Amino acid sequence: MYSLQYLLLLIIVATSSSRSINLPTKTNVSNALYQYLSTSTNDSSRKLQTFDALNEIFAEISLDLPDATVDRSGLEITITELVCRDLNVGDIQIDHEIQSPTSQKVGVDVIGIKIMCNFRYAYRWTIFSGEGAGNAVLDPTSNASIDMEFKSKDYTMYPPADVDVAECRTDVQIADMNFDGDGVGILSGILNLFEGLLRDTIEGELNTLVCNELSGLGDDALDEFLLAVSTQLDVFLEPEVAGTNPLYFEDSLELHAGSDGLPLYLDFQEMKNGTGLVGSAWEELDKLFTVSNATEGVPFNNIMRDYVLQEDGMLEIDPSILSSANSFFNGHDILTETSMSIKSIKIKGLDSFTKMDVLKAIGKHTLWNSVQLDYLDIVVEIESVMKASSKDDAVIVAGNSPPIKELFMVDFKVTDITVDFSIFLGINLDTLGNLQLGSVLDMTFIFPCLLNAIDNLSITELSVKVEDMVPPTLSGFLDPGVDYLISKGAKSLFHMYEAVLIRAMPNFFDSFVREKLNEFLTDFGGADGCPEPDSSLKGIVDFRALLLPVQRSVELLGSGDSPYGSLVRSIYGVVEKLMVASDENGLSQMNSIIKSMTASQSNVQGDLSFPGELFGTKMNVALNGLNAAIELSMKDLAVTNIDTLGAPITLLQPMKGESSVLNNSVSIGVSDAVRTSFTLKVMGKGDEVEVNNELELGISMSNVDMILELLAEIQEEPFLQFPVKDITNMNCWLATVVRPILNNYGVREGE
């Protein structure tokens, strides 16, 4: 609205001026008018907006205008102390029109300007002179309009580079002028007689002056602005070069061996191609990013909704990660001093993934990813603080009035997004392996602890493409009128720059955004947020508190506290659901996990195979005259049809009133018999006999129910200090078990 205020300022000055008018500079006029005119849009059928709240603010300020002199027909009047108050805006109408692929027009109509001005005057006419006070009121039918043409070589390829004022129309009328003299009284009456003549002359000169100033606007502030924007965009409008080599960081990095002589960083190619539990875990991870059916979509969307997003589907981002500065815009001119700061950023649509092809190990330490989203809706809350200018030549004087603070929302949306990115992830195996279990039992510390194990993290490739951008909307302003102006202005600019922004987006993200993200990751990765295990826990692990939610733990006579965090509890909750789930044949869903794990070991789902010799022993026997050397060995163990578990099953289930006892029950061989087979070799040589036999032994079991109550007293201190690198080492787990007290004969004492 600054330009509108400036237009009114010109009108009031003109009420007491002639060819000798003292005005602010043309640059100030252009800068102010630009801020206003950039809010134009196309909506010729709209209803009149109300500017009540804005007019209330205008009522609290005053405009101090320069002195001016009128000299006509021997009457010379000097106007001083010209102060205007009670500024009121009737309506502003804006239209935006796309005329051709190279031209777009913006029109602005200002209607119904009212203001009251008071001033001091001094006069000289023939032999008479004197001074007095006066006031002037602008006719509320006064209006002004301007049509500007924004030009581009081709709006589908280039931004606008030039603007011309195609037409300017003004109709400024003064409703009333009054002079109350404190000199010779009759001269005040004479001045009133000249009012009509002065009015016509001033109005004609003012209309000419306003259009002359506006006509020069396109060659000054607007052209300068368009040039600045074009210069910024040109860098990203260059033809797309061959994609960045995503392995450049890995290829240029010289890696040394870890403390155990093995590779320093985690090898993702080895993990994905591995067998056993690691390979199975990677396969299960892949399933989170694969569309299971058209109805449910990508399972990862559910994870985002359950663990990342708020109930309204939004993700709120701390604005400080974008900039440490308190404000992103600071402006100070002869009208106002304004600052703008981002208060919040919310993103919606992070659960709209339609396709995910992620965690592809294109290098030992580099992962390539490609995702597609249906849409992203970004809402930015901005606070604007405006106060009267403190410059020496300021024209707005607000006295001790407090700054005007306003919160408004900027909402913009993009659809059909494709993001391709590669990440170099240098996870130090020494640091990761030495990570203690107690540090990550609380899920809130998993990410900070993993960050400590990351020596190098860099985005080596980033490409973002969108099919469409929805015009931004702005809301939350003082009143519907201001809301209309800002929103329509944003849409006008959007139509001018939409195609160019979409075209610039790939280069913009792969250079500017990727560079900024890597700077952020470098700074963020140095934080030490991984806690040490709780050293106060020195008792026995209570499995009720470790595995169950608080309420269920209390039902089993547990203490009801949560000393071990939520990680194991969450994992056990998932396992519990699998243990009770069944397929169409009544078999346990756990069989699917068993199939995957056994296939990676034996290449046959549901079978385990251990070829070769498992153990062997040699002994000499001397019994009743028999002297012989005997050799026993077992080899080629095979277990088949392990994937025949019935539902439900129970594993590691805490029991009521027992902190260290776990109940286990399972039915196996439900659909097919479980068979175990092995080869037993017996060799013996004595004085009178020699034996060399191989026996094929096997056992087949159907519908076998197994029940096991397991007493496992695990010490809290070694459990919490358990290193991650030994997680699969059974001997290390056995070392955490309480050692029983033995008597002199090696027999356990007590219960």
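Just so it is clear, the model here is predicted, and its values are computed rather than measured.

Caption draft 1: Structural detail: unusual backbone geometry. Going from Ala 647 to Pro 648, the amide bond is cis rather than trans, its omega being -5°. Within the secondary structure layout, Pro 648 lies in the loop between strand 18 (626–640) and strand 19 (650–654). One non-glycine residue, Leu 557, adopts positive backbone phi at about 70°. Secondary-structure assignment places Leu 557 in the loop between helix 16 (550–555) and helix 17 (567–580).

Caption draft 2: Highlighting the state of the cysteines. Counted by the stated rule, this structure contains one disulfide. For Cys 449, the disulfide goes to Cys 530, at an S-S distance of 2.0 Å. Between Cys 449 and Cys 530, the S-S torsion sits near 90°, and that sign places the bridge as right-handed. Here Cys 530 lies in the loop between helix 14 (480–524) and helix 15 (543–547) and Cys 449 lies in helix 13 (residues 446–452), a separation of 81 residues in the sequence. Taken individually, Cys 449 and Cys 530 each receive the classification buried, so the pair is uniform in this respect.

Caption draft 3: Molecular detail of helix 18 (residues 590–602). Here helix 18 contains 13 residues, and its C-alpha end-to-end distance of 18 Å stays within 8% of the 18 Å for a straight helix at 1.5 Å per residue. Within helix 18, burial applies to Met 590, Asn 591, Ile 594, Ser 596, Thr 598, Ser 600 and Ser 602. Once helix 18 finishes, Asn 603 follows within two positions and takes phi at roughly 70°, a positive value.

Caption draft 4: Layout of the pattern of salt bridges. Summed over all chains, the structure comprises 13 salt bridges. With its nearest N and O atoms 3.6 Å apart, the salt bridge here joins Lys 105 to Glu 97. Note that Asp 147 is salt-bridged to Arg 169, the shortest N-O span being 3.4 Å. Residue Asp 147 is found in strand 6 (residues 143–151), and its partner Arg 169 is found in strand 7 (residues 162–171); the two are separated by 22 residues along the sequence. A relative accessible area of 31% means that Arg 169 is categorised as partly exposed. Through salt bridges with shared partners, one network takes in Asp 147, Glu 167 and Arg 169.

Caption draft 5: The environment of Pro 472, seen in detail. Inspection of the secondary structure puts Pro 472 in strand 16 (residues 454–475). Judged by its relative accessible area of 14%, Pro 472 falls in the buried class. When neighbours within four sequence positions are excluded, Pro 472 is seen to be in contact with Asp 411, Phe 412, Ala 490, Lys 491 and Phe 494.

Caption draft 6: Summary view of a nonpolar patch on the surface. There is a patch of nonpolar side chains on the surface, built from Leu 651, Leu 652, Leu 708 and Leu 710 and spanning about 310 Å² of accessible area. Contributions of two or more residues to the nonpolar patch are made by strand 19 and strand 23 (704–711). Along the chain, Leu 651 turns up in strand 19.

Caption draft 7: Inspection of the packing of aromatic side chains at higher detail. Here the structure, examined in full by the defined rule, presents nine aromatic pairs. Aromatic pair Tyr 248 and Phe 249: ring centres 6.4 Å apart, planes at 85°, arrangement edge-to-face. Each ring, one from Phe 719 and one from Trp 733, has its centre 6.3 Å from the other, and the planes form 45°; the classification is tilted. One end of the pair, Phe 719, is in helix 19 (residues 716–720); the other, Trp 733, is in helix 20 (residues 730–734), with 14 residues separating them in the sequence. Classification of Phe 719 by relative accessible area gives buried; the value is 6%. Here a set of aromatic residues connected by ring pairs shows up, and it is made of Phe 236, Phe 508, Phe 509 and Phe 512. For Lys 413, the ring lying beneath its charged end belongs to Tyr 375, and the centroid distance is 4.8 Å.

Caption draft 8: Fine view of a negative patch on the surface. On the surface, a cluster of negative charge is contributed by Asp 374, Asp 416, Glu 467 and Asp 468. Here Asp 374 lies in strand 13 (residues 366–388). Accessibility expressed as a relative area gives 40% for Asp 374, which makes it partly exposed.

Caption draft 9: Local environment of the confidence of the model for the protein chain. In the predicted model, the protein chain carries a mean pLDDT of 77, and the fraction of residues at 70 or more is 77%. Predicted confidence is poor over residues 1–47, with pLDDT under 50, and the contacts of this stretch with residues over four places away or in other chains come to 147 contacts.

Caption draft 10: Layout of the pairing of strand 5 (residues 128–138). In this sheet, strand 5 lies alongside strand 4 (residues 103–125) in antiparallel orientation, the contact comprising 10 bridges. Residue pairing in the sheet places Tyr 121 in a bridge with Gly 132 of strand 5. Remark: two residues form the turn of the hairpin made by strand 4 and strand 5, two consecutive strands paired antiparallel; Thr 126 in that turn has positive phi of roughly 50°.

Caption draft 11: Fine view of the sheet that holds strand 19. Within the open sheet, the three strands sit side by side as 19-20-23. Their pairing is antiparallel. Each edge of the sheet is formed by a strand with only one pairing partner; in this case those strands are strand 19 and strand 23. Along the sheet, successive strands turn relative to each other by an average axial angle of 15°, direction set aside. Looking at chain direction, strand 20 (residues 661–668) and strand 23 are connected through eight bridges and run antiparallel. Looking at strand 23, one finds that Ser 667 is bridged to Asp 705.

Caption draft 12: Quick look at helix 17. Here helix 17 contains 14 residues, and its C-alpha end-to-end distance of 21 Å stays within 8% of the 20 Å for a straight helix at 1.5 Å per residue. For helix 17, the set of buried residues is Leu 567, Arg 569, Tyr 572, Glu 576 and Met 579. In this structure, the buried residues of helix 17 make contact with helix 12 (437–440), helix 13, helix 15, helix 16, helix 18 and strand 19.

Conventions and cut-offs
Residues numbered from 1 in each chain as written. Predicted model: local features only at pLDDT ≥ 70, side-chain atom pairs only at ≥ 80, totals over all residues. Heavy atoms only, no water. Helix = DSSP H or I, 4+ residues; strand = E, 2+ residues; numbered from the N terminus. Disulfide = S-S within 2.5 Å. Buried < 20%, exposed > 50% of the residue type's maximum accessible area, 1.4 Å probe, protein only. Expected span 1.5 Å × (residues − 1). Salt bridge = Lys/Arg side-chain N within 4 Å of Asp/Glu carboxyl O. Contact = heavy atoms within 4.5 Å. Patch = residues over 30% accessible without salt bridge, like charges linked within 9 Å, V, L, I, M, F, W, Y side chains within 5 Å. Areas by Shrake-Rupley, 256 points an atom, 1.4 Å probe, with all protein chains shown as cover. Phe/Tyr/Trp six-rings, centres within 6.5 Å; stacked < 30°, edge-to-face > 60°. Lys NZ or Arg CZ within 6 Å of the ring centre and 35° of its normal. Lys, Arg positive; Asp, Glu negative; His and termini not counted. Charge placed at Lys NZ, Arg CZ, Asp CG, Glu CD. pLDDT = per-residue confidence, 0-100. Pairing = 2+ DSSP bridges. Axes fitted to C-alpha atoms, helices over the stretch in contact; angles between N-to-C directions.

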